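Listed here are the chains, written in short residue letters.
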Amino acid sequence: MRASHGLSLLALALLTACQPAAAPEPAAPAPGVAPTGTDASTARDVATVAEAFLTPMTPDDNIDSPASWTTPEGQVWLIATAKATDKLVVYDGQTGAKLRDVGSLGTAPGQFDRPNGIAVVDDLVLIVERDSHRVQVLQLPDFSPLGVFGADDLRKPYGLWVNKLGNGYDVYVTDSYDAGEDAQGNDVLPPLAELDKRVRRYALTVQGGKAQAALTASIGDTTEAGALRVVESIWGDPANDRLLIAEEDEAYASEFKVYTLEGRFSGTTFGRDAFQAQAEGVMLRTCGKDGWWITTEQGKQRSVFHLFDRHSLKHVGAFQGNTVANTDGIWSMQASSARFPHGALYAVHDDQGVVAFDWASIAKQLSLPLECGA
């Protein structure tokens with residue numbers, strides 16, 4: 001979670017705790033703003049889905065973001081970043097039991113300095129280190145260090161998305177750098193003209209046990225509508241040339257901005273009418289050529305997960321758990337496992353652990369199809 005520039009804690013509490021008895025009719029969306037539908041903007045029809053498990057709570061770790069990996073033997077590892085203790089925590093992705101810790105504070109290979117965003121692709125795990133302003137690449141199952149990149153470019157990185165290509169990977173890293181602090185110690189947002197490097201794109205290759213990456217683009221619109229003010233969560237949809245980036249500056253708006261993979265603002269934003277708290281984690285759950293964007297409203301008392309149509313970006317449903325709150329990162333596991341035959345959604349709970357939702361339970365509550373075409 002990023003603190004909004006100039007947003008008071010009292011205002012945030014009011015946003016997350018209070019709901020009007022009857023919301024007004026939603027206004028017509030502005031040009032470039034995708035429709036959100038009546039569920040989100042009027043009566044807040046939020047289903048409840050029971051969590052399948054909750055990992056052990058470890059408040060000292062300050063858990064931020066999860067990702068999963070299936071071992072060759074079929075075991076699911078749920079790997080989470082621990083910002084305060086500078087390590088990774090590995091859980092059993094089917095039961096939530098803790099398996100091990102990986103790493104320690106430092107800048108040597110395999111060490112971390114405030115690990116934040118995480119992504120798993122193939123047998124690689126990539127970790128964004130905010131305070132070392134770099135991305136580290138490890139190889140599973142041994143968490144063997146393969147290399148680091150980005151330290152010459154990144155200033156205050158938070159999240160990432162990895163797009164697998166034929167000969168390597170495109171890695172998009174959000175960089176929420178500031179222009180110093182004000183007299184009260186709050187981060188100062190840079191002027192719009194200086195927000196042109198909010199996302200850095202790298203071409204990553206792994207050969208001979210070594211990871212190498214080159215900066216290929218700096219991304220960030222500098223107009224009022226397209227600027228990325230406070231950024232962390234990011235995910236892409238190569239089939240539809242979309243890059244979704246969460247706008248976390250609640251003093252401006254909680255919404256998602258849609259860019260192209262080349263880094264151009266498409267002119268479309270969505271979710272502003274749906275969210276009553278900070279926009280956070282985002283993932284794409286595919287269903288053949290269709291699917292849903294899973295997004296997070298980071299409520300302090302209860303997180304709400306909003307689903308939007310993959311193509312139209314129309315709001316199609318929302319749900320909450322019985323417990324999960326104050327969610328930073330999420331991770332959608334589509335692969336089948338013994339516990340979750342249709343996959344699972346993992347979500348961080350209150351900086352202390354991770355919950356799991358059975359996708360079959362989500363689909364049932366939101367009347368979504370379980371079986372998808374090719």
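Novice: Whenever I open this one, the sheet that holds strand β14 (residues 210–219) confuses me. Can you help?
Specialist: Two modes of strand pairing occur in sheets, parallel and antiparallel, and in both the strands are linked by backbone hydrogen bonds. Strand order in the open sheet formed by four strands is β11-β12-β13-β14, with antiparallel pairing between adjacent strands. Because the sheet does not close on itself, it has two edges, and the strands there are β11 (157–164) and β14. Taken over all neighbouring pairs, the strand axes of this sheet differ in orientation by 25° on average, direction set aside. In terms of strand pairing, β11 meets strand β12 (residues 169–175) through six bridges, oriented antiparallel. Paired with Trp161 across the strands is Tyr172, a residue of β12.

Novice: What am I meant to see in the confidence of the model for the chain here?
Specialist: Interpretation of this model should avoid reading the predicted coordinates in detail wherever pLDDT is low. On average, residues of the chain score 90 in pLDDT, and 88% of them reach the 70 mark or higher. Note that pLDDT drops below 50 for residues 6–31; the model gives that stretch 20 contacts with residues more than four away or on any other chain.

Novice: Would you explain unusual backbone geometry in this entry?
Specialist: If a residue is not glycine, its phi is most likely negative; likewise, a peptide bond is most likely trans. Across the junction of Leu140 and Pro141, the peptide omega takes the value 10°, indicating a cis bond. With respect to the helices and strands, Pro141 occurs in the loop between β9 (134–139) and β10 (144–149). Although it is not a glycine, Arg114 adopts a positive phi angle of roughly 55°. With respect to the helices and strands, Arg114 occurs in the loop between β6 (98–102) and β7 (115–121). Positive phi, normally seen in glycine, also occurs at Asp122, with a value near 55°.

Novice: Whenever I open this one, the state of the cysteines confuses me. Can you help?
Specialist: Two cysteines joined by a covalent bond between their sulfur atoms form a disulfide. Tallied over the entire structure, the rule returns one disulfide. The residue that forms a disulfide with Cys287 is Cys372, at a sulfur-sulfur distance of 1.8 Å. Across the S-S bond of Cys287 and Cys372 the torsion is about -95°, and the bridge reads as left-handed. Placement of the pair is Cys287 in strand β19 (residues 279–287) and Cys372 in the segment after α3 (359–366), with a sequence separation of 85 residues. Looking at Cys287, the relative accessible area reads 10%, which means it is buried. The partly exposed category is assigned to Cys372, whose relative accessible area is 35%.

The rules behind the values
- Residues numbered from 1 in each chain as written.
- Predicted model: local features only at pLDDT ≥ 70, side-chain atom pairs only at ≥ 80, totals over all residues.
- Heavy atoms only, no water.
- Pairing = 2+ DSSP bridges.
- Helix = DSSP H or I, 4+ residues; strand = E, 2+ residues; numbered from the N terminus.
- Axes fitted to C-alpha atoms, helices over the stretch in contact; angles between N-to-C directions.
- pLDDT = per-residue confidence, 0-100.
- Contact = heavy atoms within 4.5 Å.
- Disulfide = S-S within 2.5 Å.
- Buried < 20%, exposed > 50% of the residue type's maximum accessible area, 1.4 Å probe, protein only.

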